[in-house]
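Take a look at the letters that make up each chain.
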Amino acid sequence: MPQQPASAYFLVDKHSRETRATLSILVDNEVGALARVVGLFAGRGYNIESLTVAETDHLRHTSRITIVTRGTADVIEQIKAQLGRLIPVHRVIDLAVDKPGVEREMALIKVVGEGDLRAEALRLSKVFRARVIDITHTSFTFEVTGSPVKIEAFIELMVPLGLVELSRTGVVAISRGIEAM
Amino acid sequence: MSDKQLTGAQIVVRALRDQGVRHIFGYPGGAVLPIYDALFQQDEVEHVLVRHEQGAAHAAEGYARSTGKAGVLLVTSGPGATNAVTGLTDAMMDSIPLVCITGQVPTHLIGSDAFQECDTVGITRTCTKHNFLVKDVDDLARVLHDAFYIATTGRPGPVVVDIPKDVQFRLGEYVGPSNILHRTYRPRKEGDPARIAQAIDLMANARRPVFYTGGGVINSGTRASQLLRELVALTGFPITSTLMGLGAFPASDNKWLGMLGMHGTYEANLAMNRCDVMINIGARFDDRVTGRLDAFSPGSRKIHVDIDPSSINKNVRVDVPILGDCAEVLAAMIEAWKARERPGDAAALAQWWQQIEGWRERKSLAYQASTETIKPQYAVERLYKLTRERKTYITTEVGQHQMWAAQHYRFEEPNRWMTSGGLGTMGYGIPAAVGVQVAHPDALVIDIAGEASVQMTMQELSTAVQYRLPIKIFILNNEYMGMVRQWQQLLHGGRYAHSYSEALPDFVKLAEAYGAKGIRAIDPADLDAKIMEMIDHDGPVVFDCMVDKLENCLPMIPSGAPHDEMILPDNQESAGVSDAGKMLV
């Protein structure tokens, strides 16, 4: 008997579910390294939901880029392979699949208001353990840190209380447990 | 000057010499004058002056593909670099090792929109495997050696080194090519033995196997081609190849099914469609090969050997991916196959061959012979018959003539066939032939061309004349951009929008104007004698072969169709293209 076909023979299945992936990319901190990474996403039609980057090892001049993206499992696999092909890239890990990770984000949120609204904003900020980092008689600027879900929730609550401006860092992430990248 | 201190320009020349570079292709300009000055004062690295920087890139590609070594080009800043971009992209798509040195405006002027300034590393970032801007002369030697290492190892590709003019003047330290170990880039060569064992398992139990090989085998070196021949002989499996892989396996062997894909043979495409085990070695499931993805070889288990992890599962999901260099993996596969007791199902294989013979009977490359006009297929056939005994290298432009060359010229050896596959660059053939001829001065180098493509880089004929490179430009002149016309016939109701080659030059006179020889053939009866005249002429020749104007390139899998729905020479009247197919190219 001939063997049963085992290949799913097309990759782009419109029905397959898109998932969110958090990629940690360790790169040599050289000129253009970030442009290569970002250009790859733009050029191949991948999506960037958030991006953070900074040099993390000053002796070896390596930077860590954290990118949150969205795609089918096959697309995520292809993104990782394409990133791996860039010459300055040391390693790419998916902090959902390869290693479960924890994610944090920080936001600075300016809320303008008076009276009860102002009191309510301050009360809620305590619940979210947000810090007040700038204050006037009619405004607060909060610093809030947490998972992206928590940040979203806090922002949603601040909108009716007079949110006028918002700055977010994007997600940083690290794997759980004793293993290092 | 201490003896270890060199100028940046001298470092460039020294690094080229230490990398074993004998020839470079280039065009001078303000931002590379110091390097030209250094080249002028030595005679180890020979410079070939092209007529346009795109020509330099394609010549370097032809040089690289025919020798297996890196091709090198040297161009100036701004327009020099942008003109090279098509060639760099071509090399990127076809995995050809190039090192492209570009001049740049002095460092203090970068970003000021200076004369002939462009953001070379920005522009070439996506059309190179890697690129560098060297701002410190002490980095220059290391960067150049890195560039050669990156270009030639792993999946080869083009690397740009952009050197500002002040860095070319400045004094710096030279370091040699040894002891260079890149921090992040370490391509893997050996395949995973467990995966290889799995692959051999599948192959040993296969009933309808087929080898599907590609340019990766050629890039891996002549040893890979030898090992491929050995493995095919051992297994007795049929083999087909992509456009890029022609020559890795001899076309005269009876296991050879011909090229596969859009203009591949019936037997090759049917074998791909009906096989139960597909062994892909160094090919990338390109869309010209797979056709409709959801109908691509639906019943097969697939083995994929590739050095580039991003090629695996990109277009087609495979069952056994093997990351590694083709030669290394082939050697391991041969060993594993030999270690088995009577591998393979001989009875099933015989039956499979019988089925394939049936497909061969369709004679999908057949064409209507004529005594009135020269059929383009006939022209390529005659060219093949009259040059097969010689050391012949073929380059092509892009279009119908390219496919006819791939179908009707039969390659026995790797590195003899230079064509623009991935990018499909019209104008590739003449400069590529220049590069091949520079590398192989005694060989017969023929560009099988079309009258439209050839005009895109015609000026490189002047390069051939200057350096006495006896390249032969064999134009299949049908007065149409034939492939465009064929698609317009099939898809757009025969409305031939701008595909007629109006106002063609007289190619014979044009050749003579350049100082080359021109020959025209119109009558099939004269063709052989004229081809011989071309071969026997010791110098560049433009051969204007007037062929049947409306001949279509068949067989053909129309866009959007699976492998088993081909247009064959005997059913071309009834063939149509689906609406969905019209959306594809």
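Residues numbered from 1 in each chain as written. Chains lettered and ligands numbered in written order. Predicted model: local features only at pLDDT ≥ 70, side-chain atom pairs only at ≥ 80, totals over all residues. Heavy atoms only, no water.

### With respect to the overall build of chain B
- Per the secondary structure count, chain B includes 22 helices and 20 strands.
- If one aligns the C-alpha atoms of chain B with their principal axes, the spans along those axes are about 75 × 60 × 45 Å.
- The proportion of buried residues among the 585 residues of chain B is 60%.
- Counted over contacts in chain B with a minimum sequence separation of 6, partners at least 24 positions apart contribute 76%.
- Of the roughly 21,900 Å² of accessible surface on chain B, a fraction of 49% belongs to carbon and sulfur atoms.
- One finds the centroid of the 56 positive side-chain charges in chain B at a distance of 4 Å from the centroid of its 68 negative side-chain charges. (Helix = DSSP H or I, 4+ residues; strand = E, 2+ residues; numbered from the N terminus. Buried < 20%, exposed > 50% of the residue type's maximum accessible area, 1.4 Å probe, protein only. Contact = heavy atoms within 4.5 Å. Areas by Shrake-Rupley, 256 points an atom, 1.4 Å probe, with all protein chains shown as cover. Lys, Arg positive; Asp, Glu negative; His and termini not counted. Charge placed at Lys NZ, Arg CZ, Asp CG, Glu CD.)

### Focus: the nonpolar core
Residue and element names in this part refer to chain B.
- Counting 101 residues, the largest nonpolar core has M203, F474 and M534 as its most contacted members.
- Examining the composition of this core, we find that 7 residues originate from one element, helix α13 (residues 326-338), more than from any other.
- Setting aside anything within four residues of it in sequence, one finds F474 in contact with A379, L383, I446, D447, I448, A449, I531, M534, F543 and C545.
- Ranked by size, the runner-up nonpolar core spans 44 residues in total, among them V50, Y393, M418 and V438. (Core = buried A, V, L, I, M, F, W, Y, C linked by side-chain atoms within 4.5 Å.)

### So, the domain arrangement of chain A
Residues and elements named next belong to chain A.
- One can read the domain layout of chain A as domain 1 (14-99) and domain 2 (102-174).
- Taking only C-alpha atoms into account, the centre of domain 1 sits 29 Å from that of domain 2.
- The partner domain 2 presents 8 residues to the 10 residues of domain 1 that form the contact.
- Together domain 1 and domain 2 conceal approximately 590 Å² of surface at their shared face, both sides included; 51% is due to carbon and sulfur atoms.
- At the surface where domain 1 touches domain 2, the tally comes to 1 salt bridge.
- Among the salt bridges present, the one from E103 reaches R20, with a minimum N-O distance of 3.1 Å.
- There are 5 residue pairs in polar contact (both at pLDDT 80 or more) connecting domain 1 and domain 2.
- Where the side of domain 1 that touches domain 2 is concerned, the elements lending two or more residues are β1 (19-28), β2 (50-57) and β3 (62-71).
- Grouping the amino acids of the side of domain 1 that touches domain 2 by side-chain chemistry returns 3 nonpolar, 5 polar and 2 charged. (Domains from an automatic or database assignment. Buried area = accessible area lost by both parts, 1.4 Å probe. Salt bridge = Lys/Arg side-chain N within 4 Å of Asp/Glu carboxyl O. Polar contact = N/O pair within 3.5 Å; in protein donor to acceptor, adjacent residues only side chain to side chain. Nonpolar A, V, L, I, M, F, W, Y, C, P; charged D, E, K, R; others polar.)

### Looking at a nonpolar patch on the surface
- A cluster of nonpolar residues, L34, I48, L51 and V53 of chain A, forms a patch on the protein surface that exposes about 260 Å² of accessible area.
- Along the polypeptide, L51 of chain A turns up in strand β2. (Patch = residues over 30% accessible without salt bridge, like charges linked within 9 Å, V, L, I, M, F, W, Y side chains within 5 Å.)

### Describing the packing of aromatic side chains
- Applying the stated criterion across every chain, the model contains 18 aromatic pairs over all chains.
- Relative to F237 of chain B, the ring of F211 of chain B lies with its centre 5.8 Å away and its plane at 40 degrees, an arrangement referred to as tilted. Highlighted residues: F211 of chain B in strand β9 (residues 209-213) and F237 of chain B in the loop between α10 (222-235) and β10 (239-241), separated in sequence by 26 residues. F237 of chain B carries the same exposure label as F211 of chain B, and that label is buried.
- The rings of F128, F140, F142 and F154 of chain A are connected pair by pair, giving a single aromatic cluster.
- One cation-aromatic arrangement involves R118 of chain A over F140 of chain A; the distance from NZ or CZ to the ring centre is 4.3 Å.
- Here the guanidinium or amino end of R416 of chain B rests over the ring plane of Y393 of chain B, the centre of that ring lying 4.9 Å away. (Phe/Tyr/Trp six-rings, centres within 6.5 Å; stacked < 30°, edge-to-face > 60°. Lys NZ or Arg CZ within 6 Å of the ring centre and 35° of its normal.)

### Section: the interface of chain B and chain A
- Taken together, the 31 residues of chain B in the interface contact 29 residues of chain A.
- Together, the buried faces of chain B and chain A total about 2,600 Å²; carbon and sulfur atoms form 49% of this surface.
- For chain B, the biggest contributors to the area lost against chain A are R183, T184 and R317 of chain B; these three give 24% of the whole.
- Applying the counting rule to chain B against chain A returns 4 salt bridges.
- Ionic pairing is found between R183 of chain B and D28 of chain A, a salt bridge with its closest N-O pair at 2.3 Å.
- The interface formed by chain B and chain A holds 10 residue pairs in polar contact (both at pLDDT 80 or more) in total.
- Elements with a minimum of two residues in the side of chain B that touches chain A: β6 (130-133) and β13 (301-306) of chain B.

### Details of the pairing of strand β4 (residues 71-75) of chain B
Residues and elements named next belong to chain B.
- Taking burial as the measure, the 5 residues of β4 include 5 buried ones, the bulk of the element.
- Neither face of β4 is left uncovered, since the one carrying G71, L73 and V75 and the one carrying V72 and L74 both have all their residues buried.
- Strand direction decides the pairing type here: β4 and strand β5 (residues 98-104), joined by 5 bridges, are parallel. If you follow L73 over to β5, its bridge partner there is C100.
- Chirality of the crossover, the property in question, places the unit of β4, helix α4 (residues 79-94) and β5 among those that are right-handed. (Pairing = 2+ DSSP bridges. Right-handed = clockwise from strand over helix to strand, strands pointing away.)

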